[in-house]
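As a plain string of letters, each chain reads:
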Amino acid sequence: QVHLVESGGGLVQAGGSLRLSCAASGSIFSIAAMGWYRQAPGKQRELVARITSAGSTDYADSGKGRFTISRDNAKNTVYLQMNSLTPQDTAVYYCNMVVSILTRNYWGQGTQVTVSS
């Protein structure tokens, strides 16, 4: 069983930055694709960014140029650096792990990000 624990959320003013972290338990992190999703009140969960096991990245249009996803396989951790935050970025941010060869999909419990205007 894999557990994902997010941290780094909080309250920040518009224009500010936050760095989210997601630490994974277990031994399959290095072969997993990792992603960050977010869900705002009354809206569906949406992809923010993802990174493959090889380090290739993909971003939603809303985060391009502002957000950077990265991973440290030695620490079993994936990060999301968020800059130039706006109130529209306010949401609960979830970490996701996909291990295709094992057909496994895991979610963290989420961390709240609130951006004040």
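Not measured: the values here are computed from a predicted model.

Peer 1: Whenever I open this one, the nonpolar core confuses me. Can you help?
Peer 2: In terms of nonpolar packing, the biggest core is built from 31 residues, with Met34, Trp36, Leu80 and Met97 touching the most fellow members. Residue assignment for this core shows that the elements contributing at least two residues are strand E3 (18-24), strand E4 (33-39), strand E5 (46-51), strand E7 (67-72), strand E8 (77-82), strand E9 (91-99) and strand E11 (111-116). No other element matches E9, which puts five residues into this core. Setting aside its immediate chain neighbours within four residues, Leu80 contacts Leu18, Arg19, Leu20, Trp36, Val48, Ala49, Phe67, Thr68, Ile69 and Tyr93.

Peer 1: Hey, could you run me through the state of the cysteines in this one?
Peer 2: A disulfide bridge is the covalent bond that connects two cysteines by way of their sulfur atoms. Counted according to the given criterion, the structure contains one disulfide. One disulfide in the model links Cys22 with Cys95; its S-S distance is 2.1 Å. Between Cys22 and Cys95, the disulfide has an S-S torsion of -80° and is therefore left-handed. Residue Cys22 is located in strand E3, and its partner Cys95 is located in strand E9; the two are separated by 73 residues in the primary sequence. Taken individually, Cys22 and Cys95 each receive the classification buried, so the pair is uniform in this respect.

Peer 1: Help me understand a nonpolar patch on the surface in this model?
Peer 2: Together, Ile31, Ile101 and Leu102 give the surface a local cluster of nonpolar side chains, amounting to about 300 Å² of exposed area. By the element assignment, Leu102 lies in the loop between E9 and strand E10 (104-107). Judged by relative accessible area, Leu102 falls into the partly exposed class, the value being 37%.

Peer 1: Can you walk me through the pattern of salt bridges in this structure?
Peer 2: Pairs can form between side chains of opposite charge once their charged atoms are near each other. By the definition in use, this model includes five salt bridges. Arg38 is the salt-bridge partner of Asp89, the closest N and O atoms lying 2.9 Å from each other. One end of the pair, Asp89, is in the loop between E8 and E9; the other, Arg38, is in strand E4, and 51 residues separate them in sequence. By relative accessible area, which is 1% here, Asp89 ends up buried. Note on Arg38: relative accessible area 6%, which makes it buried. Across the salt bridge formed by Arg50 and Asp58, the nearest N and O atoms sit 3.0 Å from each other. The class of Arg50 is partly exposed, set by a relative accessible area of 40%. Take Asp58: its relative accessible area is 33%, and that puts it in the partly exposed class. Put simply, Arg38, Glu46, Arg66 and Asp89 are held in one network by salt bridges that share partners.

Peer 1: Explain the pairing of E3 here, please?
Peer 2: Working note: regular strand, side chains alternate between the two faces of the sheet. Among the seven residues that make up E3, five are buried, leaving the element largely enclosed by the rest of the structure. Of the strand pairs in this sheet, strand E1 (residues 4-7) and E3 are connected by four bridges, and their pairing is antiparallel. Residue pairing in the sheet places Leu4 in a bridge with Ala24 of E3. Across six bridges, E3 lies against E8 in antiparallel orientation. Paired with Ser21 across the strands is Tyr79, a residue of E8.

Cut-offs and rules
- Residues numbered from 1 in each chain as written.
- Predicted model: local features only at pLDDT ≥ 70, side-chain atom pairs only at ≥ 80, totals over all residues.
- Heavy atoms only, no water.
- Core = buried A, V, L, I, M, F, W, Y, C linked by side-chain atoms within 4.5 Å.
- Buried < 20%, exposed > 50% of the residue type's maximum accessible area, 1.4 Å probe, protein only.
- Helix = DSSP H or I, 4+ residues; strand = E, 2+ residues; numbered from the N terminus.
- Contact = heavy atoms within 4.5 Å.
- Disulfide = S-S within 2.5 Å.
- Patch = residues over 30% accessible without salt bridge, like charges linked within 9 Å, V, L, I, M, F, W, Y side chains within 5 Å.
- Areas by Shrake-Rupley, 256 points an atom, 1.4 Å probe, with all protein chains shown as cover.
- Salt bridge = Lys/Arg side-chain N within 4 Å of Asp/Glu carboxyl O.
- Pairing = 2+ DSSP bridges.

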